[in-house]
Amino acid sequence: MSQNTHHLPALQFNVGSSSSARTSTFSPRVGTVILHRHTEKTSLEVPTPGLIASSSRGVVPHLSRDHVRSSEAIKWVHIPFETFLETSPSVPTLQPGPYPLHTFLGFRPNQHILTMSLRDPADDRDMPVNGNDFVSAHCLRGVRKATPNEWRSYVMTVQPDVVVALSDIPFTSGPHSQKRTTKSIERSTSWLANILRPLPDQHVAPDSPSHPLNVLVHMAGGITPAARQAFAHSLLEPLFDKEGDAIKPLNNLDEGVAGYTFDLAPLHKSLSLDPASTPPKNILMAALDPFSIPPAPSATAQIISLIRTSLTPLPTNKPRFVHSTGSPHEVLALIRDVGIDLFDAHWVQRAADIGVALDFVFPAPASSPPVTPREIGHNLYDERYAHDFSPFADALRSCSAEGNDTRPACPCLACTPLRAAESLKHSSVDEPLQVQGPAPFTRAYVHHLLHTHEMSAHTLLVLHNLAVLDMFFAAIRRVLAEQPDKLLEEVAQFELVYDNRLGVFAEARKIWTEVSLARGKGRLAREKEK
């Protein structure tokens, strides 16, 4: 399981010279995350703010390997490892050769950065309590326990580019006592120290301590500001005696940390414990969709305050990651008020699952705000799209648009599909056919695919939604680089134009549930009951 530390990739983060973040801890910032692969003498660059694609069982849902490789939006993928714990030993650990995780899952080392965590950051289901020496994880065969030493062994064997240290995040019904919060901080600190132990052949100069692994730390403390502050300070405290010897040549835990990550799912869950403010979750829908309740917009301000509390004492030259955002409004707020660098794309991929094609741009249209805010997408399950032969998005230009169309072009394979340069001939006597130009897939076509349970519908929607989100972040970077003083104005305009209640998601989820129930075992009996 040991490996030469010279072969491990090195993560570097550069904040743009024009970024206002150089003068303020929480200002929005433009930057670049660079992963240096020493063995191949290549580097991968991901501009920030940017996105990280989510995965399930090691694959981007609904996409083939060719789709992933052809998508310009997918440069960084997050891998929850818990889904591989159903067998012992875990199957990815049996992959030989260089880049085991990339090879096993079909990602290209020269194209994709892989982050690995034990838990799925979007899964906020209740879980058995963690212990002093194990974390409870969820796989297809139920709950499994993973110890810090096992986690370190998995990491060293499969060799992800970036790894998230174990953290004791309670996934039991709250509120949680002060004693439980204290345990969470102590365990998270101990487990971070475990993965930061020196590697067998590690050689680091004492004057420039760091760690060969690119380790992200999940900022613990829950919704208690004092606890979050205590955990952040514990990362900076010098360690002595046995604790100090265990992580040499590091002087404190933060020196071995490559970045800070925040999972919003448990925070949203803890902040919405008031039954009066939380709509009851349908039991059947919960079984089909464990992520079915979107975050309440009112909780965003509280979450921003908690994140700022965690980041206040820490250095600003490391990237900040956020998982489980729920809308572009929440993303903009976190960029504006905290200076977050990278966000997972789970919410747009989940939108594709339930038949929503995203349709929004940044900056928002400059015309006067509509009387009723626009939805951020289209529920293609809805019958009103049965005869709608327009492309997925009104705000973006497809390949069928006129040449003088000034809207941004959507590069996804649904709006700009590829066509072969010449027709396929099955024999020498076939007459040559004139190859027609590409035409975008339409809402009516995908509506038909959704209602006939065709998998290609979700493939097209995922590709489109990821492209829309990638263009969204590119536009934010452009505003920050060229007109940083206009960001606040543009965010305010976006909030006026687009509905932050995500009504289209609730509508789509309801129809998606009905369509999902209309197939499979017991379908005829359920239809008779209607």
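Structure first, text after, so check above.
Parameters and conventions
- Residues numbered from 1 in each chain as written.
- Predicted model: local features only at pLDDT ≥ 70, side-chain atom pairs only at ≥ 80, totals over all residues.
- Heavy atoms only, no water.
- Pairing = 2+ DSSP bridges.
- Helix = DSSP H or I, 4+ residues; strand = E, 2+ residues; numbered from the N terminus.
- Axes fitted to C-alpha atoms, helices over the stretch in contact; angles between N-to-C directions.
- Polar contact = N/O pair within 3.5 Å; in protein donor to acceptor, adjacent residues only side chain to side chain.
- Phe/Tyr/Trp six-rings, centres within 6.5 Å; stacked < 30°, edge-to-face > 60°.
- Buried < 20%, exposed > 50% of the residue type's maximum accessible area, 1.4 Å probe, protein only.
- Lys NZ or Arg CZ within 6 Å of the ring centre and 35° of its normal.
- Core = buried A, V, L, I, M, F, W, Y, C linked by side-chain atoms within 4.5 Å.
- Contact = heavy atoms within 4.5 Å.

## Looking at the sheet that holds strand β2 (residues 31-37)
As summarised here, the arrangement of the three strands in space is β1-β2-β3, forming an open sheet in which the pairing is antiparallel. The sheet is open, and its two borders are formed by β1 (10-15) and β3 (42-48), each paired with just one other strand. Each adjacent strand pair in this sheet contributes to an overall mean axis angle of 20 degrees, direction not counted. Of the pairings in the sheet, the one linking β2 to β3 comprises seven bridges and is antiparallel in character.

## A few points about the sheet that holds strand β13 (residues 342-344)
With parallel pairing, eight strands are arranged side by side in an open sheet as β4-β13-β12-β11-β10-β9-β6-β5. Where the open sheet ends on each side, the last strands, each with one partner, are β4 (50-52) and β5 (76-80). The mean angle between the axes of side-by-side strands here comes to 25 degrees, regardless of whether they run parallel or antiparallel. For strand β10 (residues 215-218) and strand β11 (residues 257-263), the ladder comprises four bridges, and the chain directions are parallel. Bridge assignment links valine 217 to a residue of β11, and that residue is tyrosine 260.

## Some points on the side chain of glutamine 493
Note on placement: glutamine 493 falls in helix α14 (residues 487-497). Of note is the side chain of glutamine 493, whose polar atom sits 2.8 Å from the backbone oxygen of proline 365.

## So, the packing of aromatic side chains
The tally for this structure, following the rule as stated, stands at 17 aromatic pairs. An angle of 55 degrees between the planes, with centres 5.7 Å apart, marks the rings of phenylalanine 81 and phenylalanine 84 as tilted. What makes phenylalanine 84 buried here is its relative accessible area of 7%. Aromatic pair phenylalanine 360 and phenylalanine 494: ring centres 6.0 Å apart, planes at 85 degrees, arrangement edge-to-face. Separated by 134 residues along the polypeptide, phenylalanine 360 in the loop between β14 (356-358) and β15 (377-379) and phenylalanine 494 in helix α14 bring together distant segments of the chain. Taking relative accessible area as the criterion, phenylalanine 360 reaches 2% and is therefore assigned buried. One aromatic cluster is present, built from ring pairs that chain together Phe343, Trp347, Phe360, Phe362, Phe472, Phe473, Phe494, Tyr498 and Phe505. Above the ring of phenylalanine 134, the side-chain terminus of lysine 145 is found at 4.5 Å from the ring centroid. The ring centre of tryptophan 512 lies 4.8 Å from the NZ or CZ of arginine 350, which sits over that ring.

## Regarding the nonpolar core
Inside soluble globular proteins, nonpolar side chains tend to come together where they are buried. Grouped together as the largest cluster of nonpolar side chains are 124 residues, with contacts concentrated most on Trp151, Leu192, Ile195, Ile307 and Phe362. The element contributing the most residues to this core is helix α13 (residues 455-482), with 15 residues. Non-local contacts of tryptophan 151, meaning those with residues more than four positions away in its chain, are made with Phe81, Met116, Ser117, Leu118, Val163, Val164, Ala165, Leu166 and Ile195.

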